[in-house]
There are 2 protein chains.
Amino acid sequence: MPAISTTTPAAAPRVPDGGSASRQHTLRERNLRLVAAAVFEATAPPSRADVAAASGLTRATVSTLVDRLVAGGLVAELPPVAAQRAGRPAVPLVPAGRSVVGLGLEVNVDYLGVRALDLVGDVVAERVETGSLHDSDPREVLARLRALAAEAIAEVEAAGMRVAGARLALPGLVDARGARLEVAPNLGWSSLEPVPELDLRAGDGRALDVEVANEAKLAALAELAGDVPPSFLYVSGDVGVGAGIVVDRQLFLGERGWNGEIGHVVVDPSGPRCSCGASGCLEQYAGKEVLLRGSGLPTSAPVDAVVDLLRAGDVAALDTVRRGGRALGAALATFVNLVDVSTIVLGGAYVELYGWVGHVVAGVVEERALAAPFAPVDVRPAAAGKHAALTGGAREVLRSVVADPARWV
Amino acid sequence: MPAISTTTPAAAPRVPDGGSASRQHTLRERNLRLVAAAVFEATAPPSRADVAAASGLTRATVSTLVDRLVAGGLVAELPPVAAQRAGRPAVPLVPAGRSVVGLGLEVNVDYLGVRALDLVGDVVAERVETGSLHDSDPREVLARLRALAAEAIAEVEAAGMRVAGARLALPGLVDARGARLEVAPNLGWSSLEPVPELDLRAGDGRALDVEVANEAKLAALAELAGDVPPSFLYVSGDVGVGAGIVVDRQLFLGERGWNGEIGHVVVDPSGPRCSCGASGCLEQYAGKEVLLRGSGLPTSAPVDAVVDLLRAGDVAALDTVRRGGRALGAALATFVNLVDVSTIVLGGAYVELYGWVGHVVAGVVEERALAAPFAPVDVRPAAAGKHAALTGGAREVLRSVVADPARWV
DNA sequence: GCGCAATAGTTCAGCCGTACAACAAAACGC
DNA sequence: GCGTTTTGTTGTACGGCTGAACTATTGCGC
């Protein structure tokens, strides 16, 4: 709709979030979304009548919409269960399992992998390869990832499921469109468009919808599967320290998708020099390599090794981790003052170290967060398990399916 | 819609941003918004046909919608101007002036006031009273503000205009609902609900829609009147240092509306003590009182006095301001790394000091912002004039009118 | 000066999706 | 076993958008 007006000089109005023109079928799309959300976010399987009551639509309308979702394989009907009550028994509605799946992909410093989730949240396929990818060749690594993904796709399609799309997690700066990786220092990658390189395809040859995102941000989304408030800050502690900001169950990406770079918050301008050029960056206190080295371990050692030392009461390890915790707390307090969140989820390496850093971080944040007197900040370890970004990526694909069911029915 | 389901244990689905049930009149509302946005955000007055082309609606539909907006006093028709072209001349559509007005209110440390803006952006009424409100009595001050507002309302209603609502700017922590002031240290106010206290009413006695917001955040919105990118960070330098985050022309408030508290970002942990309890907060380097004291002036002096000293080459003033600029740059670099914006607008006292701090801030930010190599950060002075929060508040009211025209036609 | 082409805006039948009300289905309770 | 209750479905009414035909008003060529 270029709207090349020749009458008045230039009349190309920007269309804000209201989106585009609403027609009759827009009603359908919106109400389908509403009904899908009602089924997917309910705490107990609702009936058509429940959905009608909750959404404000009539039972008649809800019925036709639910029928469409059932036909499209997004929603399933459980066998009607007779309630302890007069009246025709209700048909409970639940997300349909083994029908539509989302793919989570990840390339990180020490592994690459694929995970397929269905709408119930079950893992229906998974492939993981470990090994150092430090300073690796993107073409070669993405080819290996494509092979893994193709295996997973073949597996789920053989079982009669449809693949809705994929999200690729990378440890670096990715633009908000999900197309371009600007730089991933720890992989040694830069200026790259991984999507055409991957060229993922379904069994019938059609190109899959693939988007790239930052690893910490997708890992943050994995937390939404558990018992977490709608808004929180997720901090992923690895070689780098990244963060994902979730507001009202949605990622806040900032102008270009580059927010959450907490690793280079300056904790102390007179501190140690950082690879980024500045001094006293958080990464120099709470990055994985610093924690390992400070504990007298090689940087290739696993975090478990630090935990062993901490358990044994090793003074160097205890000092290093405590110092890292204080620095992390200071940086997080700044974060809380600037973006305002009341829950901080510590992920990545910090999960295993939580017993030692948790209270340190919480103490410093409580002390420095301006709003703490009115609303204390909750600091907790991440609940999603290993390779959280795989789960988060797959969930994000499925979220987009539920958010626009009209495209899948 | 409580949805007290008695069938299944609990089925109260959360309804996400999709909102509530969409009916026929929802289409009307959405398309009215679309058409209103097309008229209000066009660079040149569009015709009905232009709006149709830009929105994707048919000319028939646009016609009925525009007629409704004209009848409601939101849009006006200019006399048809014969273009240099065959065909019936178009009727240019413009925002209707002197019809609907928004009210901006503010109570700050050194003044209180009201400003009324119409949809064109013209100031149609204004009342300002200066004087120190440090440690003032909220009841008394709000009563004075109510009197000023009543005068302004009477004035615009006498001229046949309707008041759509008001926004009250306060220098403190305000919740996201816009109801409760948690604390405003420099006023000495705390735990307050100013809206019922103000109890603003239109001439016919109906209660006006009033919301409270942080002063820096409303001032940020005032910038949208000028030539500013859709996403930016606005920093208001006063006694305290606050910020407003604007993403895609909308305020980002954070979980509870308490974000942007940049004044208490720790610039140097070994720096001077701050009233908040921590050490080395930005406010202790770049707050107005510190800049005045550092220049050898009383804290009651105006910022102009510092400018005079700077012009005269006063060494103490130059040092103090330069030090403040460096601290501000460091804090802003952190901000940029955490929330990702590419434009920083310096407002409040920093406008007058811009000639001395601008390049210092820009230099430090450029040096420390992680994304700077890919996309340089633009630092600029605020364009909105004095009492920007008044303009921003009034504009915010009018934005809500244009965003939901169905309520006003 | 007049007819033709071009553009703006309006009118009206048709379609689509929702509401409303009546109805069919399937349980409970006395 | 029959009324009551609740679920889910069927059919009609209504509102809002589309598309095509129509009117209004200009410029241009002859």
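What you see is a predicted model; the values in this text were computed from it and never measured.

About the criteria used
- Residues numbered from 1 in each chain as written.
- Chains lettered and ligands numbered in written order.
- Predicted model: local features only at pLDDT ≥ 70, side-chain atom pairs only at ≥ 80, totals over all residues.
- Heavy atoms only, no water.
- Helix = DSSP H or I, 4+ residues; strand = E, 2+ residues; numbered from the N terminus.
- Rg over C-alpha atoms; globule rule 2.2 N^0.38 Å.
- Buried < 20%, exposed > 50% of the residue type's maximum accessible area, 1.4 Å probe, protein only.
- Contact = heavy atoms within 4.5 Å.
- Areas by Shrake-Rupley, 256 points an atom, 1.4 Å probe, with all protein chains shown as cover.
- Lys, Arg positive; Asp, Glu negative; His and termini not counted.
- Charge placed at Lys NZ, Arg CZ, Asp CG, Glu CD.
- Near = heavy atom within 4 Å.
- Polar contact = N/O pair within 3.5 Å; in protein donor to acceptor, adjacent residues only side chain to side chain.
- Nonpolar A, V, L, I, M, F, W, Y, C, P; charged D, E, K, R; others polar.
- Pairing = 2+ DSSP bridges.
- Axes fitted to C-alpha atoms, helices over the stretch in contact; angles between N-to-C directions.
- Buried area = accessible area lost by both parts, 1.4 Å probe.
- Salt bridge = Lys/Arg side-chain N within 4 Å of Asp/Glu carboxyl O.
- Least-squares fit on C-alpha atoms with pLDDT ≥ 70 in both.
- Right-handed = clockwise from strand over helix to strand, strands pointing away.
- Parallel < 35°, antiparallel > 145°, perpendicular 65-115°, else oblique.
- Domains from an automatic or database assignment.

J.: Give me the lowdown on the overall build of chain A, citing residues and values where you can.
T.: Across its full length, chain A carries 12 helices and 15 strands. Relative to the compact-globule value of 22 Å for 409 residues, chain A shows a C-alpha radius of gyration of 24 Å, a close match. Over its C-alpha atoms, taken along the principal directions, chain A stretches across nearly 70 × 60 × 55 Å. Going through the 409 residues of chain A one by one, you find that 55% of them count as buried. In chain A, once contacts between residues fewer than 6 apart in sequence are set aside, the share between residues at least 24 apart is 61%. When the accessible surface of chain A is summed, it comes to about 16300 Å², and 51% of that surface belongs to carbon and sulfur atoms. If the 38 positive side-chain charges of chain A are averaged to one point and the 47 negative ones to another, these points end up 6 Å apart.

J.: For the environment of L198 of chain B, give the residues involved together with the corresponding values.
T.: Residue and element names in this part refer to chain B. Along the polypeptide, L198 turns up in helix 5 (residues 194–198). Relative accessible area serves as the criterion here: at 1%, L198 is assigned to the buried category. Placed 57 residues apart in sequence, L198 and V141 show a C-alpha to C-alpha distance of 9.8 Å. Discounting chain neighbours no more than four positions away, the residues touching L198 are L105, L142, L145, R146 and L168.

J.: Can you explain the protein's contact with DNA strand D? Please cite residues and give values.
T.: Surrounding DNA strand D, one finds 29 residues, the nearest of these being R59, S63 and V91 of chain A together with Q24 and T61 of chain B. Between a phosphate oxygen of DNA strand D and a side-chain N or O atom of S63 of chain A, the distance comes to 2.3 Å. The element contributing the most residues to the surface near DNA strand D is helix 1 (residues 24–40) of chain B, with four residues. Grouping the constituent residues of the surface near DNA strand D by class yields 10 nonpolar, 11 polar and eight charged.

J.: Which residues make up the sheet that holds strand 14 (residues 343–348) of chain A, and what values go with them?
T.: Residues and elements named next belong to chain A. As summarised here, the arrangement of the five strands in space is 13-12-11-14-15, forming an open sheet in which the pairing is mixed. Strands with a single pairing partner mark the edges of an open sheet, and in this sheet they are strand 13 (250–252) and strand 15 (378–381). Each adjacent strand pair in this sheet contributes to an overall mean axis angle of 30°, direction not counted. By the bridge criterion, six bridges tie strand 11 (residues 232–237) to strand 12 (residues 241–247) in an arrangement that is antiparallel. Opposite L233, over in strand 12, you have I245 as the bridge partner. The sheet contacts of helix 11 (residues 349–368) involve strand 11, strand 12, strand 14 and strand 15, and relative to strand 14 the element is tilted by about 150°.

J.: Requested: an account of the interface of chain B and chain A, with residues and values cited.
T.: The interface is formed by 80 residues belonging to chain B together with 79 residues belonging to chain A. Carbon and sulfur atoms make up 59% of the area that chain B and chain A hide from each other, which totals about 7300 Å². Considering only the side of chain B, the residues that lose the most area to chain A are E255, L338 and D340 of chain B, jointly responsible for 10% of the buried surface there. At the junction of chain B and chain A, the tally comes to two salt bridges. For the salt bridge of R256 of chain B with D340 of chain A, the shortest nitrogen-to-oxygen distance reads 2.5 Å.

J.: If you had to explain the protein's contact with DNA strand C to someone new, which residues and values would you point to?
T.: Around DNA strand C sit 29 residues in total, of which Q24 of chain A together with R59, S63, R88 and V91 of chain B are the nearest. The separation between a phosphate oxygen of DNA strand C and a polar side-chain atom of T58 of chain A is 3.2 Å. Between DNA strand C and the protein, one listed contact pairs a phosphate oxygen with a backbone N or O atom of A49 of chain B at 3.1 Å. At four residues, helix 1 (residues 24–40) of chain A tops the list of elements feeding residues into the surface near DNA strand C. Classifying every residue of the surface near DNA strand C gives 10 nonpolar, 11 polar and eight charged.

J.: Explain the relation of the copies chain B and chain A to me, using residue names and the numbers behind them.
T.: Note on the copies: chain B fits chain A at an RMSD of 0.1 Å, the axial shift is 0.0 Å, and the rotation between them is 180°. What the superposition gives is, in effect, a two-fold axis relating one chain to the other. Distance from the rotation axis, computed per C-alpha, reaches its smallest value in chain B at D268 of chain B: 3.1 Å. Of the interface residues in chain B, 99% have counterparts in chain A that sit at the interface too, so the contact is made through matching surfaces.

J.: I'd like a rundown of unusual backbone geometry, residues and numbers included.
T.: All names here are of chain A. Unlike most non-glycine residues, D248 shows phi in positive territory, near 55°. Structurally, D248 can be placed in the loop between strand 12 and strand 13. Residue classification places D248 among the exposed residues on the basis of a relative accessible area of 52%.

J.: Give a description of the pattern of salt bridges that names residues and reports values.
T.: Residues and elements named next belong to chain B. Considering all chains together, one arrives at 40 salt bridges over all chains under this definition. Across the pair E126 and R115 runs a salt bridge, and its minimum N-O distance is 2.7 Å. Here E126, found in strand 5 (residues 123–130), pairs with R115, found in strand 4 (residues 111–118); they are 11 residues apart in sequence, far enough to count as distant. With relative accessibility at 35%, the residue E126 sits in the partly exposed group. We note a salt bridge from D175 to R177, for which the minimum N-O separation is 3.0 Å. Among the residues examined, D175 registers a relative accessible area of 15% and is labelled buried.

J.: Tell me about the pairing of strand 15 of chain A, and please be specific about residues and values.
T.: All names here are of chain A. Where strand 14 lies against strand 15, four bridges are found, and the strand directions are parallel. Paired with L346 across the two strands is P381, which belongs to strand 15. Where the polypeptide runs from strand 14 across helix 11 and back to strand 15, its parallel neighbour, the crossover connection is right-handed.

J.: Quick rundown of the packing of helix 1 of chain B against helix 3 (residues 59–71) of chain B? Include the residues and the values.
T.: Residues and elements named next belong to chain B. Interaxial distance between helix 1 and helix 3 falls to 10 Å at its minimum, and their mutual angle equals 75°. One element, helix 1, and the other, helix 3, form an angle in the roughly perpendicular class. For the pair helix 1 and helix 3, contact is made by R28, N31, L32, V35 and A36 and by T64, L65, V66, R68 and L69, respectively. Its residues assigned to classes, the contact of helix 1 with helix 3 shows six nonpolar, two polar and two charged.

J.: Tell me what's going on with the sheet that holds strand 9 (residues 189–192) of chain A, and back it up with residues and numbers.
T.: Spatially, the three strands line up as an open sheet ordered 7-8-9 (chain A), and their pairing is antiparallel. Both edges of this open sheet fall to strand 7 (173–174) and strand 9 of chain A, since each of them pairs with a single strand only.

J.: Residues and numbers for the side chain of N108 of chain B, please.
T.: Turning to its location among the elements, N108 of chain B is positioned in strand 3 (residues 100–108). For N108 of chain B, the residues in contact, after removing those within four places along its chain, are L133, P171, L187 and E215 of chain B.

J.: Could you give me a rundown of the domain arrangement of chain A, with the residues and numbers involved?
T.: Where interface size is given, it is often the accessible area lost as the parts come together that is meant. Residue and element names in this part refer to chain A. According to the domain assignment, chain A contains domain 1 (24–95), domain 2 (100–220 + 388–408) and domain 3 (228–381). Counting residues at the interface gives 11 residues for domain 1 and 10 residues for domain 2. Carbon and sulfur atoms make up 73% of the area that domain 1 and domain 2 hide from each other, which totals about 830 Å². It is R33, F40 and L74 that lose the most area in domain 1 upon contact with domain 2, and together they represent 49% of the buried surface on that side. Linking domain 1 with domain 2 are two residue pairs in polar contact (both at pLDDT 80 or more). Across the side of domain 1 that touches domain 2, the residue classes break down as seven nonpolar, two polar and two charged.

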